Amino acid sequence: MKYLREEIFPTKFCSGCGCGTVLNCYAHAIDELGLNPENIVSVTGIGCSSWIPSPYLKCDTLHTTHGRPLAFATGVKIMKPDMDVVVIAGDGDIAGIGGNHLIHSARRNLDISVFLVNNYIYGMTGGQVSPTTPMGHPTTTTPYKNIEHPMKIAELVAAAGASYVARWTTYNVFPLMESMQNAFKKKGFSFIEILSPCPVAHGRKIGMREGQDYLNMFKEKAIKIEKVKNLSEKELEDRIVIGKFVDRERTEFTESLRKLNQERIGK
Amino acid sequence: MDYYENYLKKFEGKTFFILGDEAVAYGALFARCNFFGGYPITPASEVAELIARLLPNVNGYYVQFEDEIASIGAVIGAAWAGGKAMTATSGPGFSLMQENIGYAVMTETPCVIVDVQRSGPSTGQATKPAQGDVMQARWGTHGDHEIIALAPSSVQECFDLMIDCFNLSEIYRTPVILLTDGEIGHLREKMVMPKLKDVKIVKRPKAKDNKSVFGGQLIPPMMEFGRGGFIHVTGSTHKTSGMRDVESQEVHEELITRIYKKIETNREKIVRIEKKHMKNAKVAVVSYGASARPSLGAVERARRNKKKVGFFRFITIWPFARKQITELGKQVDTILVPEMNLGQISREIERFVDCEVISVPKIGGIVHSIDEIYAKIKEVV
Ligand SMILES: Cc1ncc(C[n+]2csc(CCOP(=O)(O)OP(=O)(O)O)c2C)c(N)n1
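Report on the accompanying structure. Quick caveat: nothing in here was measured; it's all calculated off a predicted structure.

### A look at the overall build of chain A
Secondary structure summary: chain A contains 9 helices and 10 strands in total. What you see for chain A is a C-alpha radius of gyration of 18 Å, in line with the 18 Å of a compact globule of 267 residues. Along the three orthogonal principal directions, the C-alpha set of chain A runs to about 65 × 50 × 30 Å. In chain A, which comprises 267 residues, the proportion classed as buried is 58%. A gap of 3 Å separates the mean positions of the 32 positive and 28 negative side-chain charges of chain A.

### A closer look at the packing of aromatic side chains
For any pair of aromatic rings, geometry is given as the distance between the ring centres together with the angle between the planes. All names here are of chain B. Per the counting criterion, the structure on display carries 19 aromatic pairs over all chains. For the pair Y7 and F11, a centre-to-centre distance of 5.4 Å together with 75° between the ring planes defines the contact as edge-to-face. For the pair formed by Y7 and F11, the shared burial category is buried. One aromatic cluster is present, built from ring pairs that chain together F312, F314, W318, F320 and F352. Taking the ring centre of F214 as reference, the NZ or CZ of R173 above it sits at 5.5 Å.

### Some thoughts on the sheet that holds strand β3 (residues 84–90) of chain A
Spatially, 9 strands are ordered β9(A)-β10(A)-β7(A)-β8(A)-β4(A)-β3(A)-β1(A)-β2(A)-β10(B) in an open sheet, and the strand pairing comes out mixed. The strands lining the two open edges of the sheet, one partner per strand, are β9 (222–224) of chain A together with β10 (232–234) of chain B. When strand polarity is set aside, the average angle formed by the axes of neighbouring strands in this sheet is 20°. The pairing of β9 of chain A with strand β10 (residues 240–247) of chain A spans 3 bridges and is parallel. Across the sheet, the residue bridging to K224 of chain A is I242 of chain A, located in β10 of chain A.

### As for the site of the ligand
Not every one of the 17 residues close to the ligand is listed here, only the nearest: C48, S49, G92, D93 and G123 of chain A. Nearby residues place the ligand at the junction of chains A and B. A distance of 2.8 Å separates an oxygen atom of the ligand from a polar backbone atom of D93 of chain A. Taken by itself the ligand offers 590 Å² of open surface, and the protein chains cover 77% of this. Among the secondary structure elements, those contributing two or more residues to the shell around the ligand are α3 (91–97) and β5 (121–122) of chain A. Broken down by element, the shell around the ligand gets its largest block of residues, 4 residues, from α3 of chain A. In the shell around the ligand, the residues fall into 6 nonpolar, 8 polar and 3 charged.

### What to know about unusual backbone geometry
Glycine aside, negative phi is the norm for most residues, and most peptide bonds take the trans geometry. The peptide bond linking T42 of chain B to P43 of chain B adopts the cis configuration, its omega dihedral lying at 0°. Looking at the secondary structure, you find P43 of chain B in the loop between β2 (35–38) and α3 (45–54). Going from G120 of chain B to P121 of chain B, the amide bond is cis rather than trans, its omega being 0°. Relative to the helices and strands, P121 of chain B resides in the loop between β5 (111–119) and β6 (125–129). Look at N109 of chain A: it is not a glycine, yet its phi comes out positive at around 60°. As for its placement among the helices and strands, N109 of chain A is situated in the loop between α4 (99–108) and β4 (113–118). N109 of chain A sits in the buried class, given a relative accessible area of 0%. Phi is positive for R173 of chain B, which is not a glycine, with a value near 50°. With respect to the helices, strands and loops of the structure, R173 of chain B is situated in the loop between α7 (155–172) and β8 (175–181).

The rules behind the values
- Residues numbered from 1 in each chain as written.
- Chains lettered and ligands numbered in written order.
- Predicted model: local features only at pLDDT ≥ 70, side-chain atom pairs only at ≥ 80, totals over all residues.
- Heavy atoms only, no water.
- Helix = DSSP H or I, 4+ residues; strand = E, 2+ residues; numbered from the N terminus.
- Rg over C-alpha atoms; globule rule 2.2 N^0.38 Å.
- Buried < 20%, exposed > 50% of the residue type's maximum accessible area, 1.4 Å probe, protein only.
- Lys, Arg positive; Asp, Glu negative; His and termini not counted.
- Charge placed at Lys NZ, Arg CZ, Asp CG, Glu CD.
- Phe/Tyr/Trp six-rings, centres within 6.5 Å; stacked < 30°, edge-to-face > 60°.
- Lys NZ or Arg CZ within 6 Å of the ring centre and 35° of its normal.
- Pairing = 2+ DSSP bridges.
- Axes fitted to C-alpha atoms, helices over the stretch in contact; angles between N-to-C directions.
- Near = heavy atom within 4 Å.
- Polar contact = N/O pair within 3.5 Å; in protein donor to acceptor, adjacent residues only side chain to side chain.
- Areas by Shrake-Rupley, 256 points an atom, 1.4 Å probe, with all protein chains shown as cover.
- Nonpolar A, V, L, I, M, F, W, Y, C, P; charged D, E, K, R; others polar.

Structure (structure tokens):
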């Protein structure tokens, strides 16, 4: 509890929501790394997932506009390179409306950690289709069924140039916690896509009314990335590939900015 | 070592022959700007190009973003991380920035947005000047708010007002807009860099604790990230502590009224105008920015021809110089308002005077000629 703003608990998350699990993992990751919360800025967008640190986590929090937390975080990190800057927001926020910022922050390889909570839906606004909603699922704005292909976010971020990319579900709390620690430690753009239940806005239309239904689904459909090499795209269609996608060294943006300045100053 | 002092010494006191856009960049430097986020657009790109060159020399940061939404977002983030931050754009980019300008208003974030206005709507005449964003600067973002916007009429003023913009943003903890136009931005003119000791720089008041970063007094002090304040910055309605409270009518009313009053109650301190040839004038030509130049030319010609015509120029567009314009309306019988739009400020003037107000619009990417404005003067004198 020492990392939380106790005065505003209990949280406003619905029962069965995965946001509490993500908050828990985030606080544990901070604790296990022994990080000083005074040195952390959590930057969030708009949506239920954005409420995970804002305001529940006791650190500096910048609760921004819908889709733009990565842009705000870039300004923060450049001016405060020694602080840990963490972006937490939903799939609609970071990958939907803010998708362009995601691609370009990964391309620059900005040294921040991004925890994207993918609950397959626009939760806060009451269950409209999201770029991650599986094909065929009915939502409030796809009343018959969703006819669009869902976005593969982790794969996209890996292709865009991030230093560290992983995908986990809220069923895999221990690997997720460890992965968050790795994201903190990694220099460069670290990205974790976290699949998370939303029984209230997403599940109710497909008969998944309990958080547990999601955990069962995650358990059943998850497949480790190490095991997918010989599987076809078709075979993987209905699976959730979990694990570490990318872990590499690549020039980091704020460091390059600083080097450039060092070269100029005094000239 | 103060990289800034050292570097600026190269320029102080010197005379330059440069573009208005370049003067904006130098003005930002003299104001000690250390973060610029932007996206290229005519006729504002020259601001970014020069500042990208200048900032690394003073340990500042220039980043070209993927769009203008990201640019203004990063500017606000940089400001909360202690930076003096700015962006520069033109119409289409200014439109994209509106949501986050509202965020800066709501979170009381000091920052400067330069809008080098061009002909619109949409891509309009992309390379040509206009003054069509005057009302967008005032009301472009949703919700009740006040805004500060300054309009330069010369290259020297681009430099001087840029420093004022930063100072006003720090004093009032608010975004400030330098509302220039493509004509002034691309005008090449003589300007003199001041001596460093003559440049007044205002710094934002710093909070000792996190209790009242968002209220408690008209203009609360700020606390940057990383100071152990555990501050919570949100564009949602919030209490004095920064914590969200979007349910209570009282909390919202108190917050928005205070943010509004910061500027409203300081109107007379902020407002700046210029008056010339007003003695015994019965007609006044009122303008701002690029169109103020031929306006003054026409007034001077009228005076040479013994016509009782005066000149009035807004240096601050917002907050509006209500008192000054009301006084003017009492002195003269007619106000002519040349502007490079279909009468945006002309209508605003009408709200505050009883005399006749005649709009003298000019659109299509060119500034009024002195002849055109003089012809209007002759019609009414
Ligand atoms: C510019 C803008 N458009 C739309 C909205 C409305 N809106 C608020 S949250 C949200 C979607 C949230 O979905 P997601 O980011 O996936 O987060 P979740 O609530 O599911 O955690 C939308 C569309 C907004 N706040 N701003």
